[in-house]
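Close look at the chain arrangement
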Amino acid sequence: MLDQKDTRSKGAKTWSKFTDFIKQESPEKNLSHSEIKEQILADIQASEEDLRLLAHERAANVKNYLIASGKVEAERLFVLEPKVVQLKEGSTSGKDMSNIAMQVDLVIK
């Protein structure tokens, strides 16, 4: 039998670890994936700074990929500072960050 390599994304593997952990912590509840997702999302606390750092990290990964692919020279790529984007009408104040996203521009000159 051939060894099968896990080809899931890093996010999918992390999600599996979360769901496995939740199932181990409360096996008597027998939660579905959607119930586990709701429970995890209800407990997540992400600040605007956390989102800004995540956006910058993602943009840096895209930049590194483009450079490694050889399609664009490093000197031509610039990552601009992430900015807050409001997803829908309403306030972005307080702890509820569900109404905002971060936008990062990657510029090729």
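Now for a quick tour of the structure. (Residues numbered from 1 in each chain as written. Predicted model: local features only at pLDDT ≥ 70, side-chain atom pairs only at ≥ 80, totals over all residues. Heavy atoms only, no water.)

**Digging into the overall build of the chain**
The cut-off we apply is this: Per the convention used, a helix needs a DSSP run of H or I reaching at least four residues, while a strand needs a run of E reaching at least two, with both numbered from the N terminus. The buried label applies to any residue whose accessible area, calculated with a 1.4 Å probe on protein chains only, is under 20% of its type's maximum; exposed applies above 50%, and partly exposed to all values in between. Only heavy atoms enter the contact rule, under which two residues are in contact if any of them lie within 4.5 Å. Every accessible area reported is derived by Shrake-Rupley at a probe size of 1.4 Å, with residue values counting cover from the shown protein chains alone.
Looking only at helices and strands, the chain has 3 helices and 4 strands in total. Helices and strands appear in the chain in the N-to-C order α-α-α-β-β-β-β. Burial status across the chain gives 16% buried among its 109 residues. Contacts in the chain between residues far apart in sequence, at least 24 positions, make up 44% of those at least 6 positions apart. Accessible surface computed for the chain: about 8,900 Å², of which carbon and sulfur atoms make up 53%.

**What about the environment of Leu31?**
Counting through the fold element by element, Leu31 comes out in the loop between helix 1 (10-25) and helix 2 (33-43). By relative accessible area, which is 19% here, Leu31 ends up buried. When the C-alpha positions of Leu31 and Thr19 are compared, they lie 9.3 Å apart, and in sequence the two are 12 residues distant.

**Topic: the pattern of salt bridges**
Where charged atoms from two side chains of opposite charge approach closely, those side chains can pair. Selection rule: Definition used for salt bridges: Asp or Glu carboxyl oxygen within 4 Å of a side-chain nitrogen of Lys or Arg.
In this structure the tally under the stated criterion is 4 salt bridges. The partner of Arg52 in a salt bridge is Glu49, and the shortest N-O contact between them spans 2.9 Å. Of the two residues, Arg52 and Glu49 are both situated in helix 3 (residues 48-69); the distance of 3 residues between them amounts to about one turn of the helix. Between Lys83 and Asp105 there is a salt bridge, and its shortest N-O distance comes to 3.4 Å. One end of the pair, Lys83, is in strand 2 (residues 83-86); the other, Asp105, is in the loop between strand 3 (100-103) and strand 4 (106-108), and 22 residues separate them in sequence.

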